[in-house]
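One letter stands for each residue in the lines below.
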Amino acid sequence: MMRLLPWLYLAAMFTFIYLPVGVLVLFSFQDGGLPVPPVEGLSLRWYADILTDRRLVDALTNSLIVAISSGAVAVVLGFCAAYALARHVLPGAALLRGLLIAPLTVSYLIVGLGLLMVMNRLGIGLSLWTAGIGHVVINLPICFAIIYASMGAQHKNAERAARDLGANEAQVVLLVTVPMLAPAILAAFFLSVTLSWDEFIIAFLLTRFDVTLPVEIWNLLRSGLSPRLNAVGSIVFLVSVTTVLVLELLVFRRRRS
Amino acid sequence: MTATVTVEALDHWFGELHALKDIVLEIEAGEYVTLLGPSGCGKTTLLSILGGFLDPSRGRVLIGGRDMTHVPPAKRPTTTMFQDYALFPHMSLRDNVAFGLRMGGMARRARHARADEMLDLVGLAADGSRRPHELSGGQRQRVALARALAVQPEVLLLDEPLGALDLKLRRSMQDELKAIQRRVGTTFVHVTHDQEEAMAIADRIVVMNAGRIEDAGSPSRIYRRPATLFAAGFMGEMNRIPARTTGDGIETPFGPLAMAAPVTGDLVLCLRPEAILQGEGTAGTLDMGRAEVLDVAFFGTHCRAHLRPEAAPDLVLVAHLPPADPPEAGKHLTLSAQAKDLTLYPKEA
């Protein structure tokens, strides 16, 4: 009995975590009009429905564009900040580091409201661009933290060696630093992509006509529950899981070898 | 390629810390020089200044007669072999070795051919496509050497290159480093804190302490006739016997000594353990009288014994006696030493 307890606990925990997702995915295959029990038979009709829905497909494409481009920008900016702080003696380095990390502690709602006010004041119209800027703001600290933490002293000596062998600063960064830090850089990028892909509040506040998928799902929710929503949700989940798996295979596997 | 290195009146401060004090050093082209000293003595700082990683606070560095004091590392005819090897983990060995040539604009095929030659020189000809993490410490060290030599530097700077290797491998790499240096003819400047390594490898040893050069010269000269008490102690075990000047010579616990005193007042008479001989002295030797054997340990090539001389019972001498038929503890021996093995220094304050 005592040996079983840890396993029961484990099973209960996983049920707690994955039951909602499981239910969501299960009822996305519902052959009826309502995503509630009983299951009336399995069908892919709701997937066909959403994939022919112009607005949903647009929102999905928008989400991918915003996630990938904001992730890329956040990684580049995060890398530059990490390189500067790890490799150079700067006045007020501790303060700069703190300021770079601090946005992590501010809620997305506050960040979104702040950006909304700034955009309004500057007269910048809301669009995917502004949502992308918002996602860079929230992902930059994460990218910075991941990359900064992986910049060790052994990398520093390799950079010195490259300089000693005649490399200029750009060659040092592109041929030595970035390839050596590739695992951390890729991890930061994929994490940014998943966070941006799932993000609702900032995208909701900072977009108007073109919206991202979470915002479109919100719009759908207002017209009541439907297995369509489950199908969209399953696709969102699938993309997130795929990204994490790619990260695992590409980055962590290689590091272990 | 090879060149002379001249260091003129060099001083360096790290904030308040005076890390290098008036360093003057002349290294000949093709010479193998080791900078030897305890940690914190400034030897690595000096090497960093030669490599261009540090700008000295004062003084000049000339390489091959050209002023290099403020030239960045990339533009210097020097390369550095780092203590942790600093290989590029994401590149094959061939690409590692060819990196400097690539920076110099050499075409891929030519630089790969040259890299393979260099890998051959260090005995890794078959491993060009492997990655650094597949190698042992000794092999990484060879790759680092090949990479540093591939660009044909005039001066190679080695920062404790053998520090991370185990003793046996270190001894065999010493021989190899020396052999490669002979073959390529490049000037080598090698930093170490291991005096045996320095003696095994160097044409000339520069002993440093607290930011100063204490002594510089051939290994045998520094071992036998060290210039300072610090150099004497750092180069190996030393018996220190108190002495002082009197009106007409030098007084030691073993009687008067006919040697020129470096200063008047308190002195230290130094004697290597292997220079303590058994038996009574003849003319030109120091008679040390009878001494009691306290303990004896067998070392293969010699027996290391602690001895208490009757003439100075508060002194314990270390002697290396012949390994054949060592004396037992408690026995008494008669000791002497030849005058040429004695050195005298002013007593440290």
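Residues numbered from 1 in each chain as written. Chains lettered and ligands numbered in written order. Predicted model: local features only at pLDDT ≥ 70, side-chain atom pairs only at ≥ 80, totals over all residues. Heavy atoms only, no water.

Considerations on the overall build of chain A
So, step 1. Looking only at helices and strands, chain A features 12 helices and zero strands.
So, step 2. Along chain A, from the amino end to the carboxyl end, the secondary structure elements read α-α-α-α-α-α-α-α-α-α-α-α.
So, step 3. Taken along its principal axes, the extent of the C-alpha atoms in chain A is 70 × 65 × 30 Å.
So, step 4. Within chain A, counting contacts between residues at least 6 apart in sequence, those at least 24 apart form 73% of the total.
So, step 5. For chain A, the accessible surface area stands at approximately 14,100 Å², while carbon and sulfur atoms represent 74% of it. (Helix = DSSP H or I, 4+ residues; strand = E, 2+ residues; numbered from the N terminus. Contact = heavy atoms within 4.5 Å. Areas by Shrake-Rupley, 256 points an atom, 1.4 Å probe, with all protein chains shown as cover.)

Quick notes on the packing of aromatic side chains
All names here are of chain A.
So, step 1. A complete count under the given rule lists 12 aromatic pairs over all chains for this structure.
So, step 2. Ring centres of Phe-200 and Trp-218 lie 5.6 Å apart, and the angle between their planes is 50°; this geometry places the pair in the tilted category. Residue Phe-200 is found in the loop between α9 (182-198) and α10 (201-206), and its partner Trp-218 is found in helix α11 (residues 213-221); the two are separated by 18 residues along the sequence.
So, step 3. Assessed through its relative accessible area of 35%, Trp-218 is described here as partly exposed.
So, step 4. Three or more aromatic residues joined by ring pairs form one cluster here, namely Phe-200, Phe-204 and Trp-218. (Phe/Tyr/Trp six-rings, centres within 6.5 Å; stacked < 30°, edge-to-face > 60°. Buried < 20%, exposed > 50% of the residue type's maximum accessible area, 1.4 Å probe, protein only.)

Regarding the nonpolar core
So, step 1. By size, the foremost hydrophobic cluster in this structure holds 48 residues, and its most contacted members are Phe-79, Ile-147, Leu-213 and Val-232 of chain A together with Phe-99 of chain B.
So, step 2. Sorting elements by how many residues they give to this core places helix α3 (residues 54-87) of chain A first, with 10 residues.
So, step 3. Contacts of Phe-99 of chain B, omitting those with residues within four sequence positions, involve Ala-162, Leu-165, Ala-167, Leu-175 and Val-176 of chain A together with Phe-88 and Met-91 of chain B.
So, step 4. The next biggest cluster of nonpolar side chains, apart from the first, holds 41 residues, and it includes Leu-101, Leu-119, Leu-145 and Val-207 of chain B. (Core = buried A, V, L, I, M, F, W, Y, C linked by side-chain atoms within 4.5 Å.)

Focus: the layout of surface pockets
Using a probe with the size of a water molecule, rolled over the atoms, empty space left in the structure can be pinpointed.
So, step 1. When its volume is computed, the second largest pocket comes out at roughly 290 Å³.
So, step 2. Forming the walls of the second largest pocket are Tyr-83, Arg-87, His-88, Ala-153, Lys-156, Asn-157, Glu-159, Arg-160, Arg-163 and Glu-169 of chain A together with Phe-53 and Leu-54 of chain B.
So, step 3. Only α3 and α7 (153-164) of chain A provide two or more residues apiece to the lining of the second largest pocket.
So, step 4. At six residues, α7 of chain A tops the list of elements feeding residues into the lining of the second largest pocket. (1 Å grid on protein atoms, 1.4 Å probe; cavity = no way out; pocket = protein on both sides within 12 Å on 5 of 7 lines; lining within 4 Å. Points joined across faces, edges and corners; volume = space filled by probe spheres on them.)

Concerning the state of the cysteines
Disulfides are covalent bonds that link the sulfur atoms of two cysteine residues.
So, step 1. All chains considered together, the criterion is met by zero disulfides over all chains.
So, step 2. Counting only cysteine sulfurs, Cys-270 of chain B is the nearest neighbor of Cys-41 of chain B, a cysteine outside any disulfide, at a range of 20 Å. (Disulfide = S-S within 2.5 Å.)

Here we look at the interface of chain B and chain A
So, step 1. Contacts between the two partners involve 23 residues from chain B and, on the opposite side, 17 residues from chain A.
So, step 2. There are zero salt bridges connecting chain B and chain A.
So, step 3. Connecting chain B to chain A are four residue pairs in polar contact (both at pLDDT 80 or more).
So, step 4. Every element with two or more residues in the side of chain B that touches chain A is listed here: α1 (43-51), β6 (78-81) and α2 (93-103) of chain B.
So, step 5. Ranked by the residues each element gives to the side of chain B that touches chain A, the list is headed by α2 of chain B, at four residues. (Salt bridge = Lys/Arg side-chain N within 4 Å of Asp/Glu carboxyl O. Polar contact = N/O pair within 3.5 Å; in protein donor to acceptor, adjacent residues only side chain to side chain.)

Focus: the packing of α2 of chain B against helix α3 (residues 108-121) of chain B
Residues and elements named next belong to chain B.
So, step 1. Contact geometry for α2 and α3: axes closest at 8 Å, N-to-C directions at 120°. Judged on the interaxial angle alone, α3 and α2 are oblique. Relative to α3, α2 is oriented so that their crossing is right-handed. Across the interface between the two elements, Leu-93, Arg-94, Asp-95, Val-97, Ala-98, Leu-101 and Arg-102 from α2 touch Arg-111, His-112, Arg-114, Ala-115, Asp-116, Met-118 and Leu-119 from α3.
So, step 2. Its residues assigned to classes, the contact of α2 with α3 comprises seven nonpolar, one polar and six charged. (Axes fitted to C-alpha atoms, helices over the stretch in contact; angles between N-to-C directions. Parallel < 35°, antiparallel > 145°, perpendicular 65-115°, else oblique. Left-handed = near helix turned anticlockwise from the far one by under 90°. Nonpolar A, V, L, I, M, F, W, Y, C, P; charged D, E, K, R; others polar.)

Quick word on the sheet that holds strand β14 (residues 266-271) of chain B
All names here are of chain B.
So, step 1. Strand order in the open sheet formed by five strands is β13-β12-β11-β14-β20, with antiparallel pairing between adjacent strands. The sheet is open, and its two edges are formed by β13 (255-257) and β20 (343-346), each paired on a single side. Mean inter-strand twist for the sheet, computed between neighbouring axes without regard to direction, equals 40°.
So, step 2. Taken together, the four bridges between β14 and β20 define a ladder with antiparallel strand orientation. When the sheet's bridge partners are listed, Leu-269 is paired in β20 with Leu-344. (Pairing = 2+ DSSP bridges.)

Some thoughts on the side chain of Thr-187 of chain B
So, step 1. By the element assignment, Thr-187 of chain B lies in strand β8 (residues 187-192).
So, step 2. In contact with Thr-187 of chain B, not counting residues within four places along its chain, are Thr-2, Ala-3, Ile-27, Glu-28, Ala-29, Gly-30, Glu-31, Glu-154, Val-155 and Leu-156 of chain B.

Points about the domain arrangement of chain B
Many structure descriptions define interface size as the accessible area lost when the parts assemble.
All names here are of chain B.
So, step 1. For chain B, the domain assignment lists domain 1 (5-231) and domain 2 (237-346).
So, step 2. Contacts between domain 1 and domain 2 engage eight residues on the former and 11 residues on the latter.
So, step 3. Buried area between domain 1 and domain 2, both sides added, is near 750 Å², and the carbon and sulfur share of it is 48%.
So, step 4. If you sort the residues of domain 1 by the area they bury against domain 2, Tyr-223, Arg-225 and Leu-229 come out on top, with a joint share of 76%.
So, step 5. Taken together, the connections running from domain 1 to domain 2 amount to zero salt bridges.
So, step 6. Put simply, domain 1 and domain 2 have five residue pairs in polar contact (both at pLDDT 80 or more) between them.
So, step 7. Take the side of domain 1 that touches domain 2: its biggest share by element is three residues, from helix α7 (residues 219-224).
So, step 8. When its residues are assigned to classes, the side of domain 1 that touches domain 2 shows five nonpolar, one polar and two charged. (Domains from an automatic or database assignment. Buried area = accessible area lost by both parts, 1.4 Å probe.)

Topic: empty space enclosed by the protein
Residues and elements named next belong to chain A.
So, step 1. Here the structure, examined in full by the defined rule, presents one cavity of 30 Å³ or more.
So, step 2. Computed from the structure, the largest cavity encloses a volume of approximately 60 Å³.
So, step 3. In terms of lining, the largest cavity is formed by Ile-50, Leu-51, Leu-56, Val-57, Leu-60, Leu-213, Val-232 and Ile-235.
So, step 4. Secondary structure elements with two or more residues in the lining of the largest cavity: α2 (45-51), α3 and α12 (227-256).
So, step 5. Tallying contributions element by element places α3 first for the lining of the largest cavity, with three residues.

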